[in-house]
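# Coordinates in review
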Amino acid sequence: MEEADRLARISLGIEKAEYLAGQFMDAMRSIARIGMEGKRVGSCKMEYQVKNEICVDGDGYVHEDGRGEYLYAMEKYSPETYAEYQKLLNASGDDTTE
């Protein structure tokens, strides 16, 4: 490898490291902001004003809430039950919480 190529690769590596460090620090600042606004509930718990909880399952699928996770599992592991659920959901009209 020529000296110019070696130096270019080192420079690229440093730029990538700086980018990743900046992204990491942005994430840490966001977490710190949430933590600073938490309120103590009882003697051992904290309450945070976080609107959405997002979960990622083992398949890399993002779930916005527990219901999404259950429906995804139902669809994946029991397609017949999921089809019946969809049929009932469509028959119920606009109120999908029942």
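Just so we're clear, the structure is a prediction, and the values are computed from it rather than from any experiment. (Residues numbered from 1 in each chain as written. Predicted model: local features only at pLDDT ≥ 70, side-chain atom pairs only at ≥ 80, totals over all residues. Heavy atoms only, no water.)

### Digging into the overall build of the protein
Along the backbone of the protein there are three helices and four strands. In the protein, buried positions account for 6% of the 98 residues. Summed over its atoms, the accessible surface of the protein is roughly 8700 Å², and 56% of this surface lies on carbon and sulfur atoms. (Helix = DSSP H or I, 4+ residues; strand = E, 2+ residues; numbered from the N terminus. Buried < 20%, exposed > 50% of the residue type's maximum accessible area, 1.4 Å probe, protein only. Areas by Shrake-Rupley, 256 points an atom, 1.4 Å probe, with all protein chains shown as cover.)

### Observations concerning the pattern of salt bridges
This structure, assessed with the given rule, holds two salt bridges. In this structure, Arg29 and Asp26 form a salt bridge, with 3.2 Å as the shortest nitrogen-oxygen distance. Of this pair, Arg29 and Asp26 both sit in helix H1 (residues 3-36), separated by three residues, roughly a single helical turn. Look at Arg29 and you get partly exposed, because its relative accessible area is 45%. Using a relative accessible area of 41% as the deciding quantity, one classes Asp26 as partly exposed. (Salt bridge = Lys/Arg side-chain N within 4 Å of Asp/Glu carboxyl O.)

### Let's talk about the environment of Glu75
For Glu75, the location among the structural elements is in helix H2 (residues 66-77). Sequence spacing of Glu75 and Tyr85 is 10 residues, and the spatial spacing of their C-alpha atoms is 9.6 Å.

### A short note on the confidence of the model for the protein
With 81% of its residues at a pLDDT of 70 or more, the protein has an overall mean of 82. Looking across the protein, the model is least confident in strand E3 (residues 55-56), with a mean pLDDT of 64, and most confident in H1, with 93. (pLDDT = per-residue confidence, 0-100.)

### Section: a nonpolar patch on the surface
On the surface, a cluster of nonpolar side chains totalling about 400 Å² of accessible area is made up of Phe24, Met25, Met28 and Ile31. Mapping Ile31 onto the fold places it in helix H1. (Patch = residues over 30% accessible without salt bridge, like charges linked within 9 Å, V, L, I, M, F, W, Y side chains within 5 Å.)

### Re the environment of Glu47
Mapping Glu47 onto the fold places it in strand E2 (residues 45-47). Glu47 gets classed as partly exposed once you look at its relative accessible area, which sits at 41%. The sequence separation of Glu47 and Gly35 amounts to 12 residues, and the corresponding C-alpha distance is 9.4 Å. What Glu47 contacts, discounting residues up to four positions off in sequence, is Gly38, Lys39 and Val41. (Contact = heavy atoms within 4.5 Å.)

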